[in-house]
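In case you want the letters, here they are:
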Amino acid sequence: MTTRPWLSHYPEGVRSSGLDYQNVSLFSVLDRTAAAYGEKNAIYFYGRRLTYRQLAGAVNKFANALIAVGLKKGDRVVLMSPNTPQYVIAFFGIMKAGGIVVQANPLYVEDEIEYLCNNSGAMALVVPDLLYPRVANVRAKTPLRHVFVFKLKGDPVDAAASSFEAAMEAAPHTDPGVAVTGDDVAVLQYTGGTTGVSKGAMLTHKNLVANALQVTEWFLPLGTPAGEERILTVLPLFHVYGMTCCMTNAIFNASEMILLPKFDLPEVMQTIKATQPTAFPGVPTMYVAVNAYPGAEEYGVGSIRTCFSGGAAMPVEVMKQFEKRFGAVIVEGYGLSEASPVTHCNPLVGLRKPGSIGVSYPDTDCRIVDVETGTLEVAVGEPGELIIRGPQVMQGYWNMPEETKVALREFRGENWLYTGDIARMDEDGYFYITDRKKDMIIVSGFNVYPRDVEEALYRHPAVQEAVVAGVPDEYRIETVKAYVVVKAGQSVTAEELDAHCRQHLAAFKVPRLYEFRALLPKSAVGKVLRRVLVAEEKQKR
């Protein structure tokens, strides 16, 4: 595909004469928004609000608090928290002090915290009180010199930690004035570790500013004036998807982030009723849950005009049901940690293709190459590995040069990101993710892509959720197994699903095994964890 030119209509007030993502720090965008929209709400959290002026002042204070304890430019600070105002303050404060944010999943156990701190060489960590004991238990085995703890539950904290609130209270609210360039690393975004040891993708300020601008440009056809959008922010901000599509997108548009620490469905519905959000970035399982919620219309879900779906393949039937019931528009996109993360999306206006990830973002090139060598571009309509080049693509993996060489490779004289995802492109330039290379199932020599089978299962009216994996088989080497959650009040048998699938799939793709479950294992962002199911199968043998 050829690079498309950028659109020119940046949001009023965020725009400046010649804003250049090459040389702008992410925290300076917050300062610009605060200057233009200081009294607009930046954060809503359980009935409390923080304006952009208040947010920018708090960020300055925490940046100065970090500098006061010795943080130098380029030092790493781990941020381990669910969605809270303190998370947003710390995220931008670390950067404004010249530091690098190390994103940590608040569900991490002690071994994972220890690995992250040691791998990144972090000098400090920010954490809420209820998670502090895990950090305290491993601190001595890490390079951490300072731990800042903020109040969430009021749990007691030992004297070895510093109070987040006290440190901010003592710090000045003036800009610390640390010089940061677009090429400086802003975030270490650790991958989920599904392909081996967890790796820290080095995302620069340029990467993050560029991708936030790309998201902003993509959603401008909504016509919502800057400062008027309200984003339901239940995607975790420590995840690259929530970080960009909720937080940095909000900063660019002076939007209000409606923060929720986790996806608790009754709480989500009550929050929608109370705040009437206009946008809802999510993952398919969230839309499945809202679809199935009794009386959802009574909660004002109709205030939501756009939904951005990513993180996993969006079943077409789920999209159709949600849009028909609530009137929102769902656009499916695609991204990965190594690309800040968004690279593709369906357009809000014009041709949407359900089941596709849409077209590439502005200034983003992509190709489909052969899986075996990664050096030959395949024909239109043929599956291959998706490779990407654009301003949002990472510098590499932190202290992992060999892994970086595998991910960032030369193709036709330029460095490209090899995603590991199998995709195809149609005649209109729309892309379709088939699956990850490692998730492809080989049945008697035939390639089976889980998404094809999952789409067929979702077409059955009794299926609420479904995921497909390859499990060992003595005769076929691998066979297709489906894990199914049935809708409340309905029933279906394996025999009925088999007959249904045979109407929609070639015989070799039809699952040979079915397992009915009350729940499917999910990541913190709500993505179904196929690898957990595969691991369970291996343990049975």
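Bear in mind that the values here come from a model prediction, so they are computed numbers and not experimental data. (Residues numbered from 1 in each chain as written. Predicted model: local features only at pLDDT ≥ 70, side-chain atom pairs only at ≥ 80, totals over all residues. Heavy atoms only, no water.)

(A) Seen up close, the sheet that holds strand β11 (residues 256–259). Pairing is mixed across the open sheet formed by four strands, whose spatial order is β2-β1-β11-β10. Pairing within the sheet leaves two strands with one partner each, and these edge strands are β2 (48–51) and β10 (230–233). Within this sheet the neighbouring strands show an average axis-to-axis angle of 20°, counted without direction. Of the strand pairs in this sheet, strand β1 (residues 41–45) and β2 are connected by four bridges, and their pairing is antiparallel. The residue bridging N41 from the neighbouring strand is T51, located in β2. In the packing of helix α9 (residues 265–275) onto the sheet, the strands contacted are β1, β10 and β11, and the crossing angle to β10 comes to about 170°. (Pairing = 2+ DSSP bridges. Helix = DSSP H or I, 4+ residues; strand = E, 2+ residues; numbered from the N terminus. Axes fitted to C-alpha atoms, helices over the stretch in contact; angles between N-to-C directions. Contact = heavy atoms within 4.5 Å.)

(B) The arrangement of the side chain of T51 in detail. For T51, the location among the structural elements is in strand β2. Residue T51 is classed as buried on the basis of its relative accessible area, which comes to 14%. Looking at T51, its side chain comes within polar contact range of the main-chain oxygen of G38, at 3.4 Å. Non-local contacts of T51, meaning those with residues more than four positions away in its chain, are made with G38, E39, K40, N41 and A42. (Buried < 20%, exposed > 50% of the residue type's maximum accessible area, 1.4 Å probe, protein only. Polar contact = N/O pair within 3.5 Å; in protein donor to acceptor, adjacent residues only side chain to side chain.)

(C) Representation of the packing of helix α1 (residues 26–37) against helix α2 (residues 52–68) in the model. Packing of α1 against α2 brings their axes to within 8 Å, and their N-to-C directions diverge by 145°. In this structure, α1 crosses over α2, and the sense of that crossing is left-handed. Taking contact as the criterion, the partners of L30, D31, T33, A34 and Y37 in α1 are, on α2, Y52, R53, L55, A56 and V59. Each residue belonging to the contact of α1 with α2 can be placed in one class, and the counts come to seven nonpolar, one polar and two charged. (Left-handed = near helix turned anticlockwise from the far one by under 90°. Nonpolar A, V, L, I, M, F, W, Y, C, P; charged D, E, K, R; others polar.)

(D) A look at unusual backbone geometry. Cis geometry marks the peptide bond from S340 to P341; its omega dihedral reads 5°. With respect to the secondary-structure elements, P341 resides in the loop between β13 (329–335) and β14 (342–345). Despite not being glycine, Q276 has its phi angle at roughly 50°, a positive value. One non-glycine residue, S340, adopts positive backbone phi at about 75°.

(E) Representation of the nonpolar core within the structure. By size, the foremost hydrophobic cluster in this structure holds 151 residues, and its most contacted members are L55, F62, V88, F91 and F92. Apart from the residues lying within four places of it in its own chain, the contact partners of V88 are I43, L55, L237, M247, M257 and L259. Residues V78, L131, V138 and V185 belong to the second largest nonpolar core, which totals 25 residues. (Core = buried A, V, L, I, M, F, W, Y, C linked by side-chain atoms within 4.5 Å.)

(F) Main features of the sheet that holds strand β3 (residues 76–80). The sheet built from seven strands is open, its strands ordered β7-β6-β5-β3-β4-β8-β9 with mixed pairing. Both edges of this open sheet fall to β7 (162–163) and β9 (200–204), since each of them pairs with a single strand only. Pairing of strand β5 (residues 124–128) with strand β6 (residues 146–150), which is carried by five bridges, proceeds in the parallel orientation. In the strand pairing of β6, V126 is matched with F148. Contacting β3, β4 (100–104), β5, β6 and β8 (185–190), helix α3 (residues 85–96) crosses the sheet at an angle of about 145° to β4.

(G) Expanded view of the packing of aromatic side chains. One pass over the structure, following the stated rule, counts 14 aromatic pairs. On the numbers, 5.1 Å between centres and 65° between planes, the contact of F280 with Y287 is edge-to-face. When sorted by exposure, F280 lands in the same class as Y287, which is buried. Each member of the aromatic cluster is reached from another via a ring pair, and the members are F62, F148, F150 and F164. Over the ring of Y430 we find K353, and its NZ or CZ is 4.9 Å from the ring centre. (Phe/Tyr/Trp six-rings, centres within 6.5 Å; stacked < 30°, edge-to-face > 60°. Lys NZ or Arg CZ within 6 Å of the ring centre and 35° of its normal.)

(H) The layout of surface pockets, seen in detail. Of the voids in this model, the second largest pocket is the one considered here, and its volume is about 1100 Å³. Taken together, 43 residues form the lining of the second largest pocket, with F263, L265, T285, A289 and K522 sitting closest to its centre. With six residues, the top contributor of residues to the lining of the second largest pocket is helix α10 (residues 284–292). A breakdown of the residues in the lining of the second largest pocket according to their chemical character gives 26 nonpolar, nine polar and eight charged. (1 Å grid on protein atoms, 1.4 Å probe; cavity = no way out; pocket = protein on both sides within 12 Å on 5 of 7 lines; lining within 4 Å. Points joined across faces, edges and corners; volume = space filled by probe spheres on them.)

(I) Layout of the environment of I433. Inspection of the secondary structure puts I433 in strand β20 (residues 431–436). Beyond its immediate chain neighbours, meaning those up to four positions away, I433 contacts Y334, I357, L386, D421, I422, A423 and R451.

(J) Highlighting helix α11 (residues 316–326). For α11, every residue scored as buried is listed here: V316, V318, M319, F322, E323 and F326. Summarising the axial view, the buried residues of α11 lie within an arc of 160°, below the 170-degree limit, and thus occupy one face. Positive backbone phi, at 80°, marks G327, one or two positions downstream of α11. (Arc of directions from axis to C-beta.)

(K) Quick peek at the packing of α3 against helix α8 (residues 240–253). Interaxial distance between α3 and α8 falls to 13 Å at its minimum, and their mutual angle equals 75°. As summarised for this structure, α3 and α8 are arranged roughly perpendicular, according to the angle between their axes. Across the interface between the two elements, Y87, V88, F91 and F92 of α3 pack against M243, M247 and I251 of α8. Its residues assigned to classes, the contact of α3 with α8 comprises seven nonpolar, no polar and no charged. (Parallel < 35°, antiparallel > 145°, perpendicular 65-115°, else oblique.)

(L) Representation of the confidence of the model for the protein chain within the structure. When pLDDT is averaged along the protein chain, the result is 90; 93% of the residues meet or exceed 70. Low pLDDT, under 50, characterises residues 1–19; the predicted model gives this stretch 54 contacts beyond four residues in sequence or across chains. (pLDDT = per-residue confidence, 0-100.)

(M) Highlighting the pairing of β9. By the criterion of burial, β9 is predominantly enclosed, with five of the five residues buried. Residues of β9 alternate between two faces, with G200, M202 and T204 on one and A201 and L203 on the opposite face, all of them buried. The sheet contact formed by β8 and β9 spans five bridges and is antiparallel. Looking at β9, one finds that Q189 is bridged to A201.

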